[in-house]
Amino acid sequence: MSRLHTLTAEYRELRTRLEQGGGPEKIRRQHDQGKLTARERVAALLDKGGEWLECGLLVAYDQYDGQAPAAGVVTGLGRVAGRPVVVVANDATVKAGSWWPETIKKMLRAQEIAMRQRIPIVYLVDSAGVNLPYQGGVFPGQYGAARIFYYNSIMRRYLKVPQIAAVMGPCIAGGAYLPALSDVIFMVEGTSFMGLGGPNLVKGATGQTVDAERLGGARTHTAISGVAHYRAKDDRDCLKRIREYVERLPRDLRPPAPGGKPKRNPRDLCDLLPADHRMSYDVRAVLECLLDAGKLDEFQPEIGPEMICGHSAIAGRAVAVIANSRGVIKGRQGEAPQAPKIGGIIYTESAEKVAYFVENADRERIPLLFVQDVSGFMVGTEAEHSGIIRAGARFVEAMATATVPKLVLTLNHASGAGYYAMAGQGFDPDFILSWPTGRMGVMEGESAIQAVFGEDAATPQNAAAVDAMRADYERQLDAKFAGARGYVDAIVPPETTRDVLAFLLEVVSEFTGPHIGPFVLTGLP
């Protein structure tokens, strides 16, 4: 079985475990309360058989002794009534849906997707509030819980992004501002509660004795306070009514051109990458599994061939592709022959080529797809004398300032400044996907060992330290490590990659304005 097969199987096993949330007993308890689980709610909300890209599934899975699967919140992109939407659903089977520090990060990322793409966002609220032992990582700070309400406000006042909130369980204290700052609020009879303080807090603060339903239940807020707008009889009725609400929202449809099939079956992808990540492979064969008819109209193919640039389409939607080519690249022959180049390394010539290509794509308003397998920029006397620093800066600046959507797919390596130039997370690409084989880090473990120990790496007295460093690097370079920390939006199995990219290209086409930063305010005085 290939390396990609093996790692994909391991990922699927982990995904299945994480999708169980707090486990069978907590799921049963949720059902006993007459409520669906978070994932059951998401499934009932979305179109049957439609796309669903869960973002941040692995976040926090290797922290808190495994008590915070998916950080207690399901976030992702799906389709409701035929249109893309963002969904945020608290998982009450995980510590009553309380907010961990990583819960905030996931919710903010979901909001940023909705803001940048200008697509509706649906909040399915069922949360006991802040996870108090970890409040230091939730409550304060520029990107603490308050940022959620800031984004709520920006979406309402300036971006006009539809926000639909359904209170389907408890919604307590500051968390109540999430639905309150949404456009409409649905509540469910018998299971919803929304209030700045629960009955116990009210008793302690005011001496008043009141039950939860009278204090902040569905009937109270839809018939007395007017805080909520719609009352549903149960979870399924609530989700059905949300679907109807989304369906009547106006939308400017931008259908793609007629799309074709890829030249090669996407199932071939697992066999295209070598068993050893250091070995070469044909990235064009990978592209043949992803692009319509495998067709790539290549830009300057004989200039800087270690970087492939070209125009293509996925499911009929135009895309400008930038891909690293691995292996040894033969040098150009003729009057000024060149030495062979190492694939996966960015040289001065290829950096200049990509910078020009990116600027053209930005002018043409064509989304960019970065297919990453990069080890960094070239070093050494010849590279420095050729102006690699200036060329690399031009590459980075062109990518960073491009206002068209940017998608990233990491196949293998995402190392050093090459990772930055190929639209690393710090440059706010619209979406970052990785195969299970993705390896994200400053450098590979063996390179780091040489940088730290040099010639002493082979000495017996350093053997234990070298082995420990090698093991630590392998752990941190694992795609699951990146997923657990939110460095990628999702790990995708190879055979689903084309379908996911096609869906994301549709999503990013919803907003034709500038895609730069978490969001862009337009039309302000």
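Summed over the entire model, instances satisfying the criterion amount to 14 aromatic pairs. With a centroid separation of 6.2 Å and 65° between ring planes, the pair formed by F149 and Y177 is classed as edge-to-face. Taken as a pair, F149 in helix 5 (residues 146-159) and Y177 in helix 6 (residues 177-180) lie far apart in primary sequence, 28 residues in all. Given a relative accessible area of 16%, F149 falls into the buried group. Y177 gets classed as partly exposed once you look at its relative accessible area, which sits at 41%.

Taking 1.5 Å of rise per residue, the 15 residues of helix 17 (residues 463-477) would be expected to cover 21 Å, and the 21 Å separating its terminal C-alpha atoms lies within 8% of that figure. Among all positions in helix 17, only V466, M469 and L477 are buried. Buried residues of helix 17 fall within an arc of 65° about the axis and therefore sit on the same side. In this structure, the buried side of helix 17 is in contact with strand 19 (439-441), helix 16 (445-453) and helix 18 (479-484).

Moving on to empty space enclosed by the protein. Counted according to the given criterion, the structure contains two cavities of 30 Å³ or more. Computed from the structure, the largest cavity encloses a volume of approximately 40 Å³. Lining the largest cavity, in full, are T410, S434, G438, R439, M440, A479, A482 and V488. Only strand 19 and helix 18 provide two or more residues apiece to the lining of the largest cavity. Within this model, the second largest cavity holds a volume of roughly 30 Å³. Along its surface, the second largest cavity is lined by L7, Y11, P436, D478, A479, K480 and I491. Elements with a minimum of two residues in the lining of the second largest cavity: helix 1 (3-18) and helix 18.

Grouped together as the largest cluster of nonpolar side chains are 74 residues, with contacts concentrated most on L77, M155, V286, L433 and W435. For this core, the element with the highest residue contribution is helix 19 (residues 497-508), accounting for eight residues. In this view, L77 contacts E51, W52, L53, V85, V86, I113, I119, F431, F503, L504 and V507; residues no more than four positions away in its chain are not counted. Core analysis: the next-biggest nonpolar cluster, separate from the first, contains 44 residues, A351, A383, Y419 and A421 among them.

The rules behind the values
Residues numbered from 1 in each chain as written. Predicted model: local features only at pLDDT ≥ 70, side-chain atom pairs only at ≥ 80, totals over all residues. Heavy atoms only, no water. Phe/Tyr/Trp six-rings, centres within 6.5 Å; stacked < 30°, edge-to-face > 60°. Helix = DSSP H or I, 4+ residues; strand = E, 2+ residues; numbered from the N terminus. Buried < 20%, exposed > 50% of the residue type's maximum accessible area, 1.4 Å probe, protein only. Expected span 1.5 Å × (residues − 1). Arc of directions from axis to C-beta. Contact = heavy atoms within 4.5 Å. 1 Å grid on protein atoms, 1.4 Å probe; cavity = no way out; pocket = protein on both sides within 12 Å on 5 of 7 lines; lining within 4 Å. Points joined across faces, edges and corners; volume = space filled by probe spheres on them. Core = buried A, V, L, I, M, F, W, Y, C linked by side-chain atoms within 4.5 Å.

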